[in-house]
Amino acid sequence: GDKYLTFNNGQKMPLIGVGTWQASDEEIETAIDAALEAGYRHIDTAPVYGNEPAIGRVLKRWLDAGKVKREELFIVTKLPPISNRPHEVEPTIKKSLADLQLDYVDLYLIHTPFTLNINEDGSFKVDAEGLLEVDPTTNHAAIWVEMEKLVEKGLAKSIGVSNFSKDQVARLLKNCKIRPANNQIEHHVYLQQRDLVDFCKAENVSVTAYSPLGSKGIAAFNAGAGIVRDLPDLMDIPEVKEIAAAHGKSPAQVLLRWIIDTGLCAIPKSTNPARLKQNLDVFDFKLSDEEVAKLLALDKNIRVCDFAFFHGVERHPEFTFKNQYTK
Ligand code: A2P
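In this numbering scheme, every chain counts its residues from 1 along its sequence in written order. For this predicted model, a pLDDT threshold of at least 70 governs which residues receive local features, and a threshold of 80 or more governs which side-chain atom pairs are given and counted, while totals over whole chains, interfaces and linings are taken from all residues. Excluded from the side-chain calculations are hydrogens and water; all other atoms, namely the structure's heavy atoms, are used.

(A) Looking closely at the overall build of the chain. Segments assigned H or I by DSSP are reported as helices when at least four residues long, segments assigned E as strands when at least two residues long, and all are numbered from the N terminus. Within the chain one finds eleven helices and ten strands. Here the chain holds 327 residues, and 54% of them are scored as buried. Two residues qualify as a contact provided that any one of their heavy atoms is within 4.5 Å of a heavy atom in the partner residue. Within the chain, contacts between residues at least 6 apart in sequence are counted, and of these 73% link residues at least 24 apart. Every accessible area reported is derived by Shrake-Rupley at a probe size of 1.4 Å, with residue values counting cover from the shown protein chains alone. Total accessible area on the chain stands at roughly 14,000 Å², and carbon and sulfur atoms take up 51% of it. Buried means the residue's accessible area, taken with a 1.4 Å probe over protein chains only, is under 20% of the maximum for its type, while exposed means over 50%, and partly exposed covers the values in between.

Given below as C-alpha cells:
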C-alpha cells in the first residue's frame, strides 16, 4: 500500500519510522512500547544513541508475546563513526544485533562519511588544540565491500549510507556490487538539499529524512558541547501553520506529509505517546500541488544537526557539510 516505500531490491520500508536519538535510557523503553502500541513498525537507532539494549528488551517482549512478527518490523541501525573501517564492520553489526536481540536488521547504514579515532578506553582522541582526531585513511569503497558481505551473510537485508553528499553517493555507486538502498540525511522545509535528493531519487537510492521536525531537542545537546545556536521552530512557520489549519492537522503532521508527498521517508523522534500517535496519523490527507510548492519555496539551507559537536571534524577529508555555520 502507500504506507511503504519500495527499495531498489524490492524490500519495503514503512514511510514513517520512529527516531530514537536523544531519548534517554529511562524514557526509551516506555517510548518504544508506546510506538509499537501506536502501530509503528519502523524503528531507527544507532550505537551512537546508546539505546540499542533498551530497544532490544522491548522488541524481545513483543516478539516473545507474539504481539508482532519479526518480518513485520523494520529495524535500522548504523555503523558508528568510530568504527568506520573495513575490519570493524562485521564485529560492529554483531554487537548491535546482540544488543537488539535480533538475528538481522532490515537496513544497516554507514552512519557518517567521516571516521573518528578513539583511545583504548573508548574516549575520543584529541589533539593539542582539543580538536577530535580524525582518520584520514577512510575508504568508502573498502568499507562497502564489507557491508555487502553482511547482506550475503543475512545479517542485514539491505545496506545504505547516512549523511553522504551527492559526490560521495556517486562515487560509491561507481564502486559497488550491491547498490546502496538508502541515504539517511537531515531533510526538512528549511534544509531541502534538492540536488542531493533528486540525484538519489534518479539513482533509485531512497532517502530518509532525519530531523524532519527540526530536532528542537538538539539545543540541549549543543549546550552540552558548549555550542550556542539559534534554531528555527519549523512548527511555527506561518505557511506551515496555515496549511495545517486548512487540513485540520497539526504543523508537525504537515511537515511529515510534505516529506511523504515528495517521495521520501521520515523518522520523527518523540517519546510522548500522544505525539507518537499524531506523527503516524498522516495517511488520511494529502497536500495539494500548490501547498507542496509553497513548502518547497521555504528552503533556507539551515542545517540543524551540523556535527559541530564533533570539534574539528571539518578537517576530515570526507567531511562535506557546508551550511550557515561552516566556512
Ligand atoms: P518529544 O519527544 O517530547 O515529543 P525531530 O524528529 O525533528 O528530531 O524532532 C523531535 C523533537 O520534536 C523532539 O523535541 C520532540 O519532542 C518534538 N516533537 C515530536 N513530535 C512532535 C509533534 N507532533 N508536535 C510537537 N513536537 C513534536
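Now, onward.
(B) Highlighting the environment of proline 212. If you trace the backbone, proline 212 turns up in the loop between strand 9 (206–210) and helix 7 (218–224). Separated by 25 residues in the primary sequence, proline 212 and isoleucine 237 place their C-alpha atoms 14 Å from one another. Those residues in contact with proline 212 that lie beyond four places of it in its chain are His187, His188, Leu234, Leu255, Leu256, Ile259, Ala266, Ile267 and Pro268.

(C) Molecular detail of the site of the ligand. A cutoff of 4 Å decides nearness: a residue is near a molecule or strand if any of its heavy atoms lies inside that distance of it. The local shell around the ligand holds 16 residues, among which Ser215, Lys269, Ser270, Arg275 and Asn279 are the closest. A distance of 2.6 Å is found between an oxygen atom of the ligand and a side-chain nitrogen or oxygen belonging to arginine 275. Polar contact is defined as a pair of N or O atoms within 3.5 Å, subject to the rule that within protein one atom must be able to donate a hydrogen and the other to accept it, and that residues adjacent in sequence are counted only when both atoms are side-chain atoms. One of the side-chain N or O atoms of glutamine 278 is found 2.9 Å from a nitrogen atom in the ligand. Burial of the ligand by the protein chains amounts to 83% of its free accessible area of 570 Å². The leading source of residues in the shell around the ligand is helix 10 (residues 273–280), at three residues. Each residue receives one of three labels: charged for Asp, Glu, Lys and Arg, nonpolar for Ala, Val, Leu, Ile, Met, Phe, Trp, Tyr, Cys and Pro, and polar for the others, Gly being one of them. Of the residues belonging to the shell around the ligand, the class tally is five nonpolar, nine polar and two charged.

(D) Representation of the side chain of asparagine 222 in the model. Among the structural elements, asparagine 222 can be located in helix 7. Setting aside its immediate chain neighbours within four residues, asparagine 222 contacts Ile227 and Phe309.

(E) Just the nonpolar core, in detail. Counting 84 residues, the largest nonpolar core has Tyr108, Met147, Val189 and Leu295 as the members making the most contacts within it. Looking at this core, the element that brings in the most residues is helix 9 (residues 251–261), giving seven residues. For tyrosine 108, the contacting residues outside a window of four places in its chain are Thr77, Lys78, Leu79, Val89, Thr92, Ile93, Met147, Leu150, Ala156, Ser158, Ile159 and Gly160. Take the buried residues of types Ala, Val, Leu, Ile, Met, Phe, Trp, Tyr and Cys, join any two whose side-chain atoms come within 4.5 Å, and each joined set is a nonpolar core. If you look at the next biggest cluster of nonpolar residues, it comprises 19 residues, including Leu116, Leu132, Val313 and Phe321.

(F) Local environment of the sheet that holds strand 9. One bridge is not enough; two strands pair if DSSP finds at least two bridges between them. If you trace the eight strands from one edge of the open sheet to the other, you get 3-4-5-6-7-8-9-10, paired in parallel fashion. What marks the edges here is a single partner per strand, and that holds for strand 3 (18–19) and strand 10 (265–266). Looking at chain direction, strand 6 (residues 105–110) and strand 7 (residues 156–162) are connected through five bridges and run parallel. Within strand 7, the position partnered with tyrosine 108 by the bridge is isoleucine 159. Packing of helix 3 (residues 89–100) onto the sheet brings it into contact with strand 5 (74–79), strand 6 and strand 7, and relative to strand 6 it is tilted by some 135°. The axes used here are C-alpha line fits, helices contributing only the stretch in contact, and every angle between their N-to-C directions lies in the interval 0 to 180 degrees. Its contacts with the sheet put helix 4 (residues 140–152) on strand 5, strand 6 and strand 7, and the angle it makes with strand 7 is roughly 155°.

(G) Structural context of the pairing of strand 5. Counting buried residues in strand 5 gives six out of six residues, a clear majority hidden from the surface. The pairing of strand 4 (residues 42–44) with strand 5 spans three bridges and is parallel. Looking at strand 5, one finds that aspartate 44 is bridged to valine 76. Crossover handedness is defined by viewing with both strands directed away from the observer: a clockwise path from the first strand over the helix to the second marks the crossover as right-handed. Chirality of the crossover, the property in question, places the unit of strand 4, helix 2 (residues 52–64) and strand 5 among those that are right-handed. As a crossover connection, the stretch from strand 5 through helix 3 into strand 6 is right-handed.

(H) Quick look at the packing of helix 2 against helix 3. For the pair helix 2 and helix 3, the least separation of the axes is 7 Å and the interaxial angle reads 45°. Taken together, the axes of helix 2 and helix 3 are oblique relative to one another. When helix 2 is examined against helix 3, the residues Glu52, Pro53, Ile55, Gly56 and Leu59 are found in contact with a partner set consisting of Ser96, Asp99 and Leu100. Of the residues that constitute the contact of helix 2 with helix 3, the class distribution is four nonpolar, two polar and two charged. By the definition adopted for this analysis, an angle is roughly parallel if under 35 degrees, roughly antiparallel if over 145, roughly perpendicular if from 65 to 115, and oblique otherwise.

(I) Seen up close, the side chain of threonine 20. Positionally, threonine 20 belongs in the loop between strand 3 and helix 1 (25–38). On the accessibility criterion, threonine 20 (1% relative accessible area) is buried. Those residues in contact with threonine 20 that sit more than four places away from it in its chain are Ile28, Ile32, Ile43, Asp44, Thr45, Tyr49, Asn51, Ile55 and Lys269.

(J) The arrangement of the pattern of salt bridges in detail. Just to be clear on terms, a salt bridge is a Lys or Arg side-chain nitrogen sitting within 4 Å of an Asp or Glu carboxyl oxygen. Enumeration according to the criterion identifies 26 salt bridges in this entry. Taking the shortest distance from any N to any O, the salt bridge between lysine 78 and aspartate 44 comes out at 2.8 Å. One end of the pair, lysine 78, is in strand 5; the other, aspartate 44, is in strand 4, with 34 residues separating them in the sequence. Residue lysine 78 shares its accessibility class with aspartate 44, and that shared class is buried. Note that lysine 60 and aspartate 64 form a salt bridge whose closest N and O atoms lie 2.7 Å from each other.

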